[in-house]
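# Structural overview for review
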Amino acid sequence: MFLCGKSADLPRSPPGDPLTRIGRVERVKGNRSAADLVQWYEMAIGTDDPTSRVEIFAMEEWTIDPQRHLVTNGETSVHLEPKAVSVLVCLVEHAGSVVSRRTIIDRVWATEFIADSTLTHTVADIRKALGDDSRSPRFIETIPKKGYRLMPEVHGFTAPAAPTKPAAPRPPMVVIAGGRVRAAEAVSAGPFEHVLCIADREIPLSRTAVIFGRDQSADVQILEPEVSRNHARLEIARDKVQIEDLGSKNGTRVNDQGIAGRHELRSGDVIEIGATTVAYCYRSDDPTSTQEEF
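Scope of this entry: the structure provided in the associated data block.

Reading the values: the criteria
Numbers given to residues run from 1 along each chain, matching the order in which its sequence is written. For this predicted model, a pLDDT threshold of at least 70 governs which residues receive local features, and a threshold of 80 or more governs which side-chain atom pairs are given and counted, while totals over whole chains, interfaces and linings are taken from all residues. Side-chain descriptors were evaluated using all non-hydrogen atoms of the structure, hydrogens and water having been removed beforehand. Put simply, DSSP marks the helices as runs of H or I at least four residues long and the strands as runs of E at least two long, and each gets a number from the N terminus on. For every residue, the accessible area (1.4 Å probe, protein chains only) is compared with the maximum for its type, and the residue is labelled buried under 20%, exposed over 50%, or partly exposed between those bounds. In the analysis that follows, any N or O atom pair within 3.5 Å is treated as a polar contact, provided that within protein one partner can donate a hydrogen and the other can accept it, and provided that, for residues neighboring in sequence, both atoms belong to side chains. Residue contacts are defined here by distance: any two heavy atoms, one from each residue, within 4.5 Å place the two residues in contact.

## Thoughts on unusual backbone geometry
Look at Asn 255: it is not a glycine, yet its phi comes out positive at around 55 degrees. Summarising the element assignment, Asn 255 is placed in the loop between strand 19 (252-254) and strand 20 (257-258). Under the relative-accessibility criterion, Asn 255 is labelled partly exposed at 40%. Located in the positive-phi region is Asp 256, a residue other than glycine, with phi close to 70 degrees. By the element assignment, Asp 256 lies in the loop between strand 19 and strand 20.

## Regarding the side chain of Asp 219
The topology assignment puts Asp 219 in the loop between strand 15 (209-213) and strand 16 (220-222). We classify Asp 219 as buried; its relative accessible area is 3%. At 2.5 Å, the side chain of Asp 219 forms a polar contact with the side chain of Arg 207. Not counting residues up to four positions away in its chain, the partners in contact with Asp 219 are Arg 170, Pro 172, Met 173, Val 174, Arg 207, Ala 209, Val 210 and Ile 211.

Shown next as structure tokens:
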């Protein structure tokens with residue numbers, strides 16, 4: 001539930017703002033007033049411009065800044081992916097109530113078709129950022145066959161908006177056309193443990209999350225009509241590498257087998273996306289590594 005009080009020194013949100021109903025609070029946590037938090041936020045972002053304000057949320061020890069895609073606990077700040085921020089804000093707006101999976105998907109992904117596991121993994125990313133445990137949750141409770149519930153009380157207040165500059169779109173790591181590399185980003189000398197082998201080229205994986213697709217925002221852009229705009233996602237974690245089809249029209253195959261949900265990759269596995277074949281390679285000088293060298 002939201003706790004809303006009155007504070008004369010905090011301006012109202014603009015009329016029609018979807019977050020206006022959160023209101024203004026007098027105390028957010030312990031002895032910290034909303035004014036204290038606003039002053040802290042002004043110092044953190046280096047501005048006290050009263051003409052530009054943004055909604056901030058506080059729950060337990062965490063402060064949520066949707067505009068900057070940050071959750072902050074003291075000196076610890078964790079950056080969330082935009083979709084994860086949108087899911088968290090959706091839960092914040094219904095704090096204390098169960099929000100159905102369908103409601104969240106319609107709100108965050110709109111008309112996009114997504115794999116059922118996509119929301120599950122997005123919630124898992126939020127839990128990881130907050131240090132939450134799905135088996136003994138403090139923040140996000142899973143309601144089987146229904147959806148999710150944000151458990152703690154959430155307080156909303158307004159603070160100065162961080163100065164923003166138009167963000168230049170991140171170029172693809174690599175562009176593939178006709179089964180060959182047409183362009184690739186320049187990366188530092190490495191070494192890189194994770195590599196994509198495409199035709200006669202090796203592309204170091206300099207990003208921990210890689211989207212394959214036809215869209216110009218994809219990390220691995222594949223210019224083929226059989227490839228969906230956002231086709232598959234590869235994620236690199238400390239102990240494993242996984243690939244997931246994102247509800248593509250023609251599916252994703254690994255070693256000639258279609259995959260459903262997340263599929264763990266081994267070095268030498270061959271990924272098929274449309275007519276493009278990509279081999280995932282793992283290289284390590286660590287003799288204790290459990291991955292086989294390609």
